[in-house]
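Topology and contacts: notes
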Amino acid sequence: MRFAVPLIPATLIKRYKRFLADVTLPDGTTITAHVANPGAMTGLAAPGSRIWLSSRPIRAASCRTAGS
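Residues numbered from 1 in each chain as written. Predicted model: local features only at pLDDT ≥ 70, side-chain atom pairs only at ≥ 80, totals over all residues. Heavy atoms only, no water.

**Here's the deal with the overall build of the chain**
- Across its full length, the chain holds zero helices and four strands.
- Tracing the chain from N to C terminus, the helices and strands come up as β-β-β-β.
- Considering the chain as a whole, with its 68 residues, one finds that 16% of them fall into the buried category.
- Within the chain, residue pairs in contact and separated by at least 24 positions form 42% of the contacts whose partners lie at least 6 positions apart.
- When the accessible surface of the chain is totalled, it reaches about 5600 Å², and 58% of it is carbon and sulfur. (Helix = DSSP H or I, 4+ residues; strand = E, 2+ residues; numbered from the N terminus. Buried < 20%, exposed > 50% of the residue type's maximum accessible area, 1.4 Å probe, protein only. Contact = heavy atoms within 4.5 Å. Areas by Shrake-Rupley, 256 points an atom, 1.4 Å probe, with all protein chains shown as cover.)

Here's what the structure looks like:
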């Protein structure tokens, strides 16, 4: 499969709130990633699973704080 941007390998820590997952990058950094496909992902959401991330710029709308 070919992707428009290079994929980043990571390890799943946990998936929560339907669209979010905590993951560990190869350098040991832990980040929260957006999960674009909120399906059940049965068998793929186990902690320790290898996953692949794509990097996209953060939209300004997603950075708003409460009351803005």
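**Focus on the nonpolar core**
- Listed in full, the nine residues of the largest apolar core are A10, L12, A21, V23, L25, A33, V35, I51 and L53.
- Those residues in contact with A10 that sit more than four places away from it in its chain are V23, T24, L25, S49, R50, I51 and L53. (Core = buried A, V, L, I, M, F, W, Y, C linked by side-chain atoms within 4.5 Å.)

**Some details on the environment of Y16**
- Relative to the elements of secondary structure, Y16 occurs in strand β1 (residues 8-16).
- A C-alpha to C-alpha distance of 9.6 Å links Y16 and V35, two positions 19 residues apart in sequence.
- Among all residues touching Y16, those that are not within four sequence positions of it are A21, D22 and T32.
- A distance of 3.0 Å separates polar atoms of two side chains, one belonging to Y16 and the other to D22. (Polar contact = N/O pair within 3.5 Å; in protein donor to acceptor, adjacent residues only side chain to side chain.)

**Some remarks on the environment of D22**
- Structurally, the position occupied by D22 is in strand β2 (residues 20-24).
- Here D22 falls in the buried class, since its relative accessible area comes to 13%.
- In this structure, the C-alpha to C-alpha distance between D22 and H34, residues 12 residues apart in sequence, is 9.0 Å.
- Once you skip the residues sitting within four places of it in the chain, D22 turns out to touch T11, L12, I13, K14, Y16, I31 and T32.
- A polar atom in the side chain of D22 sits 2.8 Å from the side chain of T32.

**Concerning the confidence of the model for the chain**
- Taken residue by residue, the chain gives an average pLDDT of 80. The fraction at 70 or more is 74%.
- The element-level mean pLDDT for the chain is lowest in strand β4 (residues 50-53), coming to 90, with β2 highest at 93. (pLDDT = per-residue confidence, 0-100.)

**Observations regarding the packing of aromatic side chains**
- Evaluated as defined, the whole model comprises zero aromatic pairs.
- For K14, the ring lying beneath its charged end belongs to Y16, and the centroid distance is 5.0 Å. (Phe/Tyr/Trp six-rings, centres within 6.5 Å; stacked < 30°, edge-to-face > 60°. Lys NZ or Arg CZ within 6 Å of the ring centre and 35° of its normal.)

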